[in-house]
Amino acid sequence: MVPASILAFVTSKPVATVSPRHHVLLHTRKEQSSVNRQTRFTRRNFLKMSAAGAGTLALAGAGSAGLGLVPLGDRRASADSTVIEVFSTSPLILSPFTDPLPIPKALAPVPRSVFSSWSRPPGPGIGQQDSDGGTHQLWTSRLGLPDPIVYQIKLEVSSHRFTSSRVLPIDEDGKPVVPPRGAGIILSRDGTAFLPESTIHGFNGQFPGPMINAEYGKPVLVRFENHLDENPRSLDRQDFGSPNLEFLTHLHNSHTAPESDGNPHHRPQGYLPGQFVDNLYLNHPPDGDDREKQSFWWFHDHFHGHTSSDVYKGLAGLYPIYDPKFSLDIGDETRGLRLPGVRTNNPDGSFDVEFDIPLAFFDARLDDGVTPHKDFHNGNGETHPEWWGKTFFRHFPNLGFVGDIFTVNGTAYPVLEVKRRKYRFRFLDASVSRIYEFKLMSSTQGPRAARDLGFKDDELQGQYRIPDGQQSMRFVQIASEGGLLPISIVRDSFELWPASRREFIVDFTTYMDGSPTKKGDVIYLTNVMKMTDGRMWDSPDPDYKVPVLKIVIGDDAPDNSQIPARLREALPIPANWQSLPRRTFEIERGGSSSSPEDEWLINGQPFDHTVSLANPKLGSAEVWEIKNGGGGWVHPIHIHQEQHHVISRNGNPAPDARHPDDIGREDIVSLDPGESVLIFRQFRTFVGKYVAHCHNLTHEDHAMMFGWQIDPSGPEQSPSPTPHPSPSPQPSPSPTPSPSPSPRQSQSPTPRPSRSPRQSQSPTPRPSPRNEPDSPRPRRERR
């Protein structure tokens, strides 16, 4: 139902209906100029009006008076909570693939002599957990573990530049333009400029934040301190981020007590400037079971209502974790599984691992100085020419926020020179909404600007393409977000959803046809999934091949690593899972009377930090069904506290051809439109409050989240016992990876058709947008 304020705002005259399949030009621009160009509306550019974020459309510009609608940017609209969904077009990066890929080094711990002298040192005592006098639920000694290694991370205001290349200001047609008056940049004679630095909120002032290399059996305590009120360089903070500079850090997805978990069900108020919290990460698997060990976490802000803007502003860091037991996965390729990696122990107590590289993917959008800023948090319809070339963000996009520049480890279109040997890559999707599908491709012609190929508007996303790109190498998957898989999986491509992690070995000595590589050869890590808004992917497009990382083959190098066929033993789902307590959580599109920003409901309710929708008992196990009740949307649902095991998708036993890594453990439930996924979960070690939510972070910020908690006392119904693994001998890895199960070699008795002619062995095809194949774009829903 449309709120009364909107009914008063929009007159009773008929309102035009806009087909999402056509571009609508309301403010025509025949001449592009720096100052007086008008705003062009396309299917992604429209004025959305509703106090509840509904899809009531107001069309501004020529002829709008006849509709009784307020023109775009009219300040009178601000009283009616108008949201303008207009997105800027970033300037074109003219020299991509020249900046080197930043490879993070491990953060140094704080010496005991230093942290013991702090006015409030960390420890297990009452009141020692945070600046408010919190207490740790479980200290390391209770599990027979040593005292934690202590790190200090300050949340700081800083600046970041995504590229050192010159850039060309362009409009959404890809045509060169002059930035508006007041942009404060100097154009050269050819109309190009260097990007200004964007203001970030960063862990230790970095983006991405620092990397902690951790090990099982060695607990870590991180003191997060809020210094966001300090701005010694007087940087312009722009208009997004938590308004009172609060933070709440979540280590995704460590097995952690609620007070260290960083979730808004436990602490909705977050931590203000001047406050600190000591998050204790035990680095100990549930029940001490080696099969529950993981290998790659990341930490990010989780402050309620502003998670998307805070993460987009830079609050993300890396946390690989190794397993030294039997030297199984310790970063030393001469021992254990012999995964790629050459370890160096540093004098400061940290360690680095060469040939083991984390890759954090993040899409951004830069302000063009003429796009109006207006939603519930950001602006009143004004433009900001002074922010030209700096990060642009809208807190309230209907579908989700996607950028048009792709970055890796904070750098747009970097280059990585590799040795002729095997590498381990740890992939992380740190984007707000974007889903990727990656391939390794070769190209004779190399990258070409999308605008030079005749593309416009949303087709400019990614900026570059390799029209002649062809797959030339394969990935060997060894881990998902739940840690090492039972067996390695050969893959031609793979999807990476927000917050998901996937780990792969790539052998840079040989192409997939068996021919050897040679020095100077170039391979492009290429995104082949077009996703022009945050709702879901577009229809398959064989011409969409966006190079994200350039990889150049270098010299030969010693290589003692192997690609194991078998990795870590799988933890079986108990035989009596069907008799365990079962809960269903259904995601629905809808609003509420509690907040005008609620756009999503779970089991008919918006998120309320005082309410738990589930109260499992400590030590119990349950089966949860996660259902996507909103057709035409996809959702990566993240559940805190423990990993889960996928039992089935839409009633079909897991794994399937599209999700071969369902053989392992996960912390993201990837939901296609209308999909239902059944998972097995346990609730161990801690009691207290946690959350589950969509990791399309704009969805999370608008109520796609629910609280749940673990209550004390014994289990209501325990799973059938499974054998606890006894210490196993050092594995004998095979140099030949297992080709099965593979998304290109499905064991399904009835293989489905491939999603494009170029992927004849592709995995189960993704649903088409809105499940309506005749319409290439999703329709905006109305409540």
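Because the structure is a prediction, the values reported are computed rather than measured.

Trainee: Would you mind going over the sheet that holds strand β5 (residues 149–160) with me for this structure?
Mentor: Sheet strands pair via backbone hydrogen bonds, and the direction of the pair is either parallel or antiparallel. Spatial strand order, β8-β5-β10-β12: 4 strands in an open sheet with mixed pairing. Strands at the two margins of the open sheet, each flanked by one partner only, are β8 (198–203) and β12 (276–281). Across the sheet, the mean angle separating the axes of adjacent strands is 20 degrees when strand polarity is ignored. Of the pairings in the sheet, the one linking β5 to β8 comprises 6 bridges and is antiparallel in character.

Trainee: Quick question: what am I supposed to make of the nonpolar core here?
Mentor: Soluble, globular proteins show a tendency: their nonpolar side chains are buried together. By size, the foremost hydrophobic cluster in this structure holds 55 residues, and its most contacted members are Leu359, Phe361, Phe425, Phe427, Phe438, Phe475 and Phe508. Ile639, Tyr690, Trp708 and Ile710 belong to the second largest nonpolar core, which has 35 residues in total.

Trainee: Is there a simple way to think about the environment of Asn603 in this case?
Mentor: The topology assignment puts Asn603 in the loop between β35 (600–602) and β36 (621–628). Taking the C-alpha atoms as reference points, Asn603 and Leu613, 10 residues apart in sequence, are found 8.8 Å from one another. Engagement of the side chain of Asn603 in a polar contact is seen with the backbone oxygen of Thr584, the distance being 2.9 Å.

Trainee: Explain the pattern of salt bridges to me, please; I cannot follow it from the model alone.
Mentor: Pairing between side chains of opposite charge can happen when their charged atoms approach one another. Per the counting criterion, the structure on display carries 50 salt bridges. Between Arg291 and Asp289 there is a salt bridge, with the nearest N and O atoms lying 2.9 Å from each other. In this structure, Arg291 and Asp289 share a single accessibility class: buried. The residue Arg649 makes a salt bridge to Asp662 at a minimum N-O spacing of 2.9 Å. Of this pair, Arg649 sits in strand β38 (residues 644–649) while Asp662 sits in the loop between β39 (652–653) and β40 (668–671), and the two are 13 residues apart along the sequence. Note on Arg649: relative accessible area 5%, which makes it buried.

Trainee: Would you take a moment to explain the side chain of Gln463 for this structure?
Mentor: Considering the arrangement of structural elements, one finds Gln463 in the loop between β25 (448–449) and β26 (464–465). Of note is the side chain of Gln463, whose polar atom sits 3.0 Å from the backbone nitrogen of Ile93. In this structure, Gln463 is in contact with Ser90, Pro91, Leu92, Ile93, Asp404, Ile405, Tyr413, Arg448, Ala449 and Ala450, ignoring residues within four places of it in sequence.

Trainee: Teacher, can you tell me more about unusual backbone geometry here?
Mentor: Glycine aside, a negative phi is what most residues show, and trans is what most peptide bonds show. The omega torsion of the bond from Phe207 to Pro208 falls at -15 degrees, within 30 degrees of zero and hence cis. Checked against the element boundaries, Pro208 lands in the loop between β8 and β9 (214–215). Positive phi values are uncommon outside glycine, yet Asn650 reaches one of about 50 degrees. Topologically, Asn650 is positioned in the loop between β38 and β39.

Trainee: How should I be thinking about the side chain of Arg568 in this particular structure?
Mentor: Summarising the element assignment, Arg568 is placed in the loop between β33 (546–556) and β34 (582–589). Within the local environment of Arg568, its side chain forms a polar contact with the backbone oxygen of Asp290, the two atoms lying 3.1 Å apart. Once you skip the residues sitting within four places of it in the chain, Arg568 turns out to touch Asp290, Arg291, Lys293, Asp323, Leu328, Leu484, Leu485 and Pro486.

Trainee: So what exactly am I meant to see when it comes to the environment of Asp555 here?
Mentor: Looking at where Asp555 falls in the secondary structure, it is placed in strand β33. Classification of Asp555 as partly exposed rests on a relative accessible area of 34%. Distance from Asp555 to Glu417, taken between C-alpha atoms, is 9.3 Å for residues 138 residues apart in sequence. A polar atom in the side chain of Asp555 sits 2.7 Å from the side chain of Lys519.

Trainee: For this particular structure, what's the right way to read the sheet that holds β38?
Mentor: Pairing is mixed in the open sheet, where 6 strands are placed in the order β35-β34-β36-β41-β38-β39. The open sheet terminates on both sides in strands that have one partner only, identified here as β35 and β39. As paired elements, β38 and strand β41 (residues 676–682) share 5 bridges and run antiparallel to each other. Residue pairing in the sheet places His645 in a bridge with Phe680 of β41.

Trainee: Help me understand the packing of aromatic side chains in this model?
Mentor: Between two aromatic rings, the relevant description is the distance of the centres plus the angle of the planes. Following the criterion strictly, the structure yields 48 aromatic pairs and no others. Summarising the aromatic geometry, the rings of Tyr281 and Tyr319 are spaced 5.9 Å apart at their centres and angled 85 degrees between planes, so their arrangement reads as edge-to-face. Linking Tyr281 in strand β12 with Tyr319 in strand β14 (residues 316–322), this pair joins segments that are 38 residues apart in sequence. Assessed through its relative accessible area of 1%, Tyr281 is described here as buried. On the basis of relative accessibility, which here comes to 0%, the residue Tyr319 falls in the buried class. Where Tyr423 meets Phe508, the ring centres are 5.6 Å apart and the plane angle is 75 degrees; that geometry is what we call edge-to-face. Highlighted residues: Tyr423 in strand β23 (residues 422–429) and Phe508 in the loop between β31 (501–507) and β32 (522–527), separated in sequence by 85 residues.

What counts, and where the lines are drawn
- Per-chain numbering applies: the sequence of each chain, read as written, is numbered from 1 onward.
- For a predicted model such as this one, the threshold for reporting local features is a pLDDT of at least 70, and the threshold for listing and counting side-chain atom pairs is 80 or more; totals across whole chains, interfaces and linings nevertheless cover every residue.
- Remark: hydrogens and water are excluded; side-chain values derive from all non-hydrogen atoms of the structure.
- Pairing between two strands requires that DSSP report at least two bridges joining them.
- Put simply, DSSP H or I for four residues or longer makes a helix, DSSP E for two residues or longer makes a strand, and each gets a number counted from the N terminus.
- Only C-alpha atoms enter the line fits that serve as axes; for helices the fit covers just the stretch in contact. Angles between N-to-C directions range over 0 to 180 degrees.
- What makes a nonpolar core is a set of buried Ala, Val, Leu, Ile, Met, Phe, Trp, Tyr and Cys residues whose side-chain atoms join them at distances within 4.5 Å.
- Buried, partly exposed and exposed residues are distinguished by accessible area as a fraction of the type maximum, computed with a 1.4 Å probe on protein chains only: under 20%, between the cut-offs, and over 50%, respectively.
- Whenever two N or O atoms come within 3.5 Å, that pair is a polar contact, provided that in protein one can donate a hydrogen and the other can accept it, and provided that, for residues adjacent in sequence, both atoms are side-chain atoms.
- The working definition used for a salt bridge is a side-chain nitrogen of Lys or Arg within 4 Å of a carboxyl oxygen of Asp or Glu.
- Throughout, a residue-residue contact means that at least one pair of heavy atoms, one from each residue, lies within 4.5 Å.
- Any pair of Phe, Tyr and Trp rings, taking the six-membered ring for Trp, is counted once the centres come within 6.5 Å. Such a pair is stacked with planes under 30 degrees apart, edge-to-face with planes over 60 apart, and tilted for the rest.

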